[in-house]
Amino acid sequence: MEKIKFVIDGKEVEAIRDQCVLDVARQNGIYIPGLCYNPEVKFSGGSCRLCLVEAHQAGRMSLVTACNYPIREGLEIKTDTSLVKRIRKGIIELLLARVPDSDVIKELAAEAGIDEPRFVKDEGENYHSKCIACGLCIQVCEEVVGVSAIAMLNRGPDKTPGTPYKKPSEVCIGCGACAYACPTDAIPMEDNGDTRKIWGREFKMHLCSVCGKPYIPEAQIDWIVKTTGKDRVFFDKCPDCR
Amino acid sequence: MAIDIQKVDEIVFGYEQSKESLLPILQDFQREFSYVPEEGIKRLSDIFGVPESRIYAMATFYKAFSLVPKGRHTIKVCMGTACHLKGAPFVVEAIERELKIKPGQTTEDRRFSLETVNCVGTCALAPVVVIDEDYYGGSTSENIIKNLKRYT
Amino acid sequence: MEHTKISTIEGLNKYREKILESKKNELPTVFVCGGTPCLAKGSRQVFEAFKKEFGAQGLTGSVELGIKTTGCQGFCNKGPLVAFADKDIVYMGVKPEHVPEIIEKTVKKGEVIESLGYRDPQTKKWATEYSRIPFYGHQKKLVLKDVGQLDPAKIDDYISRGGYSALAKAFSMNPDTIIDNIEQSGLRGRGGGGFPTGRKWRSCKAIKTDVRYVICNGDEGDPGAFMDRSIMEGNPHAIIEGMIIGAYAVGSNQGYAYIRDEYPLAIENMKTAIEDARGLGLLGKNILGSNFDFDIKISRGGGAFVCGESSALMRSIGGNVGEPRAKYIRSVEKGLYDKPTVLNNVETWANVPLIITGGVQGYRKVGTKGSPGTKVFSLAGKVVNTGLVEVPMGITLRELVFDIGGGIPKGKKFKAVQTGGPSGGCIPESLLDLQIDFDSLSDAGSMMGSGGIIVMDEDTCMVDVAKYFITFLVGESCGKCTPCREGLRRMLDILTGITEGRGKQGDIELLEELCDVLKWGALCALGTSAANPVLSTIRYFRDEYEAHIKEKRCPAGVCKELITYRIDEDKCTGCTVCAKKCPQKCISGEKKKPHTIDASKCIKCGVCKTVCPFDAVIVE
């Protein structure tokens, strides 16, 4: 792994060639906002556009997303210029009009100095709950869980995560990874006694043989046993009681 | 609607089992059944081992596909720039009034499906309406209604 | 001709000689235009009439060689067009009943039938020679040279006109020399971006890899553009030849042609051409004894404009939803299946054989220093002559619109010309003397785009045009990134408000702010260039926006909510046609007396204006 140096906000910093700007910035305590990127998920990022920064290279400047911009020799990054702030503010205002109920977005808007969006807030048929359509849930389900129960459906303004035909998915294992990964807490997951409801389907939860707590969907145990060959006995106890 | 699953298999097994074949297979579904049936997506998913959600996402992304059966005749009103300037919006509205459907919909008797399309590339004929395979150039709110009568 | 594999360059030359030999001493071949507009106007019936008459008039020889259907001959609004091999004659508006006379006079005796030619609207004089018809006379056909002069479904036609000789020449060259040639020719990507083709090839070649791909982008999605369609339909082998040369130069063994689903004939002709080339050994293993293997697969698009964007196109080929990805690592490095990939547009590939055959100097003789060569445009909209044209780069918009296009119909005033489709802009009259090349159009706030030229007259509302393009883009945005997915629909809301009389002060500025966010913030070129139609109309036609916003008035009389229909009493003869056709039944009046429209019931459907034989319906 080739180590190289580059400049971020005037500071010379070391990085691995082709590592993304956002990871290195965070390691160095430089704050860049961003919602759709998760370093654990290879194909995440690039969609919310909140992590835009100025990239100066070979005498040219462009705005790039820090979450997937590869660091190479001679790169200089500026994270806090007036251009960056202006475009980021514009994006936050658009998101605020889309999901006015999202606390995460409201907080970002307050930071950027936006009280109210200048656009009509989405409501009624157009209501997106808190979903910013960033697609992270989809990537988690595909890459991390390996199930692909959900996908990004439709296109343009109608783009939305969902199951085929909006029916309860036959392949979903109820693990809830999508809900945990969601940056705006937009995926409803209800745990009620020994059942869990997510994506319109109810899952029976497995109870810990020691403390009696429902802690994992039976379907998820089946999936893990099937794909990894792990002994089913392992799941008798919850992580706390193991 | 029941779908001949044998037809589905004929199409699916006619292709190399590679992701590159997904789009052409869906196109064949569309042509064979006038839509992409749920059974077809499920079967394709099973045979190819590609998640159903992924195939379904493709069917919702590309405009060539419909998830509901189409009418016997498809009316495509070109919405290209030249057609727009020369009055295509009037033509669409006239068809909407006549058939009482909006673009993307099918008449109750399944005689017609109405679509607006981006540009069929025959700008010299603007405004153009394509009904099935027939191109009607110089369409107006007036003559298009007469032309619809040729299709039963 | 019998099709057996040709295994050497000499074999190809011999094969060509044989074709030419078999054609000797025949009467001139008749070319009936088989472009879609001509077909819609009945050219198939003309073709059938020729076939029938061929025998009836006792002509000997093969009908197949005597009568051919060709690709688009260009002058689309004058179709069906008929031309003749090696003769400077073109006939327009040909009907089956003209066919016996054409065979009798033109085919048999070489006589010209003036009345089937072009009639100049001013001088009323007839012309049948290309050079004397302004639409053709101002053109420079290089890429389109063979389109309209051969049957695109016959590989022998292409070979007999020198086809695949550029490939033969390329095989005698070092691959790096080919790249040098392309680079020195100054060829720039005809798909719109204008990126130097040679540099693209060189970058791809420079990457160490086991596999490289070449792709032909035939996903021509700009509304009002049909150049690539015409080349794919009219001369597919030129594209294939260009691709083989490119693949040989960069070291690729697999090509893809991604073709728009809405172009069935283009798909069919490309498919036939690929199969025929394979049949002769021009695709496949060890092409012409060069030890070089290459083949091409066709991918049919699924109806998504965004797939014209290279990274989305590559995802689509791979069986995915066509979403673009960030191109921080370019596709020449990591393209299709993450392998180095050269993607060029249809017209770019078709330029390649010309450069190899004519040499760098020959190629650079045409066009400008920064943009050598020609450009194929599709000319449409409010212009007298519509069709497919090829002109040298550097020609002015005025020449294109007025000399070739014949100006604006019905004596209306020119307002603007739109280039570059949804990524381009509207150029006003004051810039009509602008020379067309990649750089000057960008400077004017538009872009070359793939070559759609839409002419707009005084009856065109520029706010409506901006709304039209944004509507288009909202429908075609993939929805992956926030600025494009959210920003465009907000722009559309504002533009809709303006055109419906709800515009308010600050709307223009808010539009400009959104344009700024898209330009800098969007993921792919669809989003970053989406501001152009709005910004260019604000820049050059701000007064029209202001008339809508401040005076609630649409100067061009287009925006429904801001106009009314009435009948001119002096012109109305009381023929009652409008009253009968009005879907609202809101036109009344006595027979033979002027009629009136009840504005309270009128839905502004425009039917009365369309049907009125006396032009008495006024929109204000």
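Position numbers for residues count from 1 along each chain, tracking the sequence in the order it is written. Working convention: letters from A go to chains and numbers from 1 go to ligands, in the order in which they are written. It should be noted that, the model being predicted, local features are given only for residues of pLDDT at least 70 and side-chain atom pairs only at 80 or more, the latter also being counted only at that level, while totals for whole chains, interfaces and linings use all residues. Heavy atoms throughout the structure, all of them, feed into the side-chain values; hydrogens and water do not.

Here's the deal with unusual backbone geometry
Right, so step 1: Omega for the peptide link from B:Ala126 to B:Pro127 comes to -10°, which places this bond in the cis form.
Right, so step 2: Secondary structure elements are defined from DSSP: runs of H or I of at least 4 residues count as helices, runs of E of at least 2 residues count as strands, and each element is numbered from the N terminus. By the secondary structure assignment, B:Pro127 is in the loop between strand S2 (112–117) and strand S3 (129–131).
Right, so step 3: Of note, the amide linkage connecting C:Gly79 to C:Pro80 takes the cis form, showing an omega dihedral of -10°.
Right, so step 4: Mapping C:Pro80 onto the fold places it in the loop between strand S2 (67–70) and strand S3 (82–84).
Right, so step 5: Here the phi dihedral of A:Ser148 falls at roughly 55°; this positive angle occurs in a residue that is not glycine.

Thoughts on the side chain of C:Thr482
Right, so step 1: If you trace the backbone, C:Thr482 turns up in helix H19 (residues 482–499).
Right, so step 2: The contact definition used throughout considers only heavy atoms, calling two residues in contact when any of these lie within 4.5 Å. Beyond its immediate stretch of four places on either side in the chain, C:Thr482 contacts A:Ser47, A:Cys48, A:Arg49, A:Ile91, A:Leu95 and C:Gly487.

Points about the domain arrangement of chain B
Right, so step 1: These domain boundaries are the output of an automatic or database domain assignment. As far as domains go, chain B holds domain 1 (5–61) and domain 2 (73–148).
Right, so step 2: In this structure, domain 1 of chain B and domain 2 of chain B have C-alpha centres spaced 29 Å apart.

A few points about the environment of B:Glu10
Right, so step 1: For B:Glu10, the location among the structural elements is in helix H1 (residues 5–13).
Right, so step 2: Taking C-alpha positions, B:Glu10 is 20 Å from B:Ser66, a pair spaced 56 residues apart along the chain.

Focus: the interface of chain B and chain A
Right, so step 1: Between chain B and chain A, the residue contacts involve 16 residues of the former and 14 residues of the latter.
Right, so step 2: Three residues, B:Glu38, B:Ser53 and B:Tyr56, lead the burial of chain B against chain A; their summed loss comes to 43% of the area buried on that side.
Right, so step 3: Residues A:Glu170 and B:Lys42 are paired through a salt bridge, measuring 3.9 Å at the closest nitrogen-oxygen approach.
Right, so step 4: In the analysis that follows, any N or O atom pair within 3.5 Å is treated as a polar contact, provided that within protein one partner can donate a hydrogen and the other can accept it, and provided that, for residues neighboring in sequence, both atoms belong to side chains. Along the contact surface separating chain B from chain A lie six residue pairs in polar contact (both at pLDDT 80 or more).
Right, so step 5: For the side of chain B that touches chain A, the elements supplying multiple residues, two or more each, are helix H3 (38–48) and helix H4 (52–61) of chain B.
Right, so step 6: The greatest single-element share of the side of chain B that touches chain A, amounting to seven residues, is contributed by H4(B). Reported buried area values correspond to the accessible surface (1.4 Å probe) lost by two parts on association, with both partners' losses combined. Whenever a carboxyl oxygen of Asp or Glu lies within 4 Å of a side-chain nitrogen of Lys or Arg, that contact is scored as a salt bridge.

Side note on the interface of chain C and chain B
Right, so step 1: Counting from both sides, the interface comprises 59 residues of chain C and, opposite them, 35 residues of chain B.
Right, so step 2: Carbon and sulfur atoms make up 57% of the surface buried where chain C meets chain B, a total of about 3800 Å² over both sides.
Right, so step 3: Of all residues in chain C, C:Arg300, C:Val321 and C:Tyr468 bury the most surface against chain B, accounting for 15% of the area lost on that side.
Right, so step 4: At the junction of chain C with chain B, the criterion picks out four salt bridges.
Right, so step 5: Two residues, C:Lys297 and B:Glu20, come together in a salt bridge whose shortest N-O distance is 3.3 Å.
Right, so step 6: Here chain C and chain B share 24 residue pairs in polar contact (both at pLDDT 80 or more) between them.
Right, so step 7: Among the elements of the structure, helix H2 (36–40), strand S9 (295–300), helix H14 (310–317), strand S11 (374–381), strand S15 (452–457), helix H18 (462–476) and helix H24 (607–611) of chain C are those that each provide at least two residues to the side of chain C that touches chain B.
Right, so step 8: Here the side of chain C that touches chain B gets seven residues from one element, more than from any other, and that element is H18(C).

Looking at the sheet that holds strand S8 (residues 254–259) of chain C
All names here are of chain C.
Right, so step 1: Paired strands, in this sense, are two strands between which DSSP finds at least two bridges. Pairing within the open sheet is parallel, and its four strands lie in the order S9-S8-S7-S10. Since the sheet does not close on itself, it has two edges, and those belong to S9 and strand S10 (341–345), each with one partner. Strand-to-strand twist across the sheet, computed as the mean angle between neighbouring axes with direction ignored, equals 20°.
Right, so step 2: The pairing of S8 with S9 spans six bridges and is classified as parallel. A fitted line through C-alpha atoms serves as each axis, taken over the contacting stretch for helices, and the angle formed by two N-to-C directions is quoted from 0 to 180°.

Section: the sheet that holds strand S3 (residues 52–57) of chain A
All names here are of chain A.
Right, so step 1: Within the open sheet, the five strands sit side by side as S2-S1-S5-S3-S4. Their pairing is mixed. The open sheet has two edge strands with one neighbour each: strand S2 (11–16) and strand S4 (60–65). Each adjacent strand pair in this sheet contributes to an overall mean axis angle of 35°, direction not counted.
Right, so step 2: With six bridges joining them, S3 and S4 adopt antiparallel strand pairing. Following the sheet pairing, His56 is matched in S4 by Met61.
Right, so step 3: The strands that helix H2 (residues 82–98) touches are S3, S4 and strand S5 (76–78); relative to S3, the one it contacts most, it runs at about 145°.

Description of helix H22 (residues 532–550) of chain C
All names here are of chain C.
Right, so step 1: In a regular helix each residue adds 1.5 Å, so 19 residues correspond to 27 Å; H22 covers only 24 Å between its end C-alpha atoms and thus falls short of that length.
Right, so step 2: We define the bend at each residue as the angle formed by axes fitted to the 7 residues ending at it and the 7 residues starting at it. Of all the bends in H22, the largest measures some 95° and sits at Phe541.
Right, so step 3: Within H22, burial applies to Asn532, Pro533, Val534, Ser536, Thr537, Ile538, Phe541, Glu544, Tyr545, Ala547, His548 and Ile549.
Right, so step 4: Buried residues along H22 sit against strand S13 (414–419), strand S14 (425–428), H18, H19 and helix H20 (507–521).
Right, so step 5: Looking one or two residues beyond H22, the residue adopting positive phi is Lys552, at roughly 50°. An expected span of 1.5 Å times one less than the residue number is assigned to each helix. Relative accessibility decides the category of a residue: with a 1.4 Å probe and only protein chains considered, values under 20% of the type maximum give buried, values over 50% give exposed, and everything between is partly exposed.

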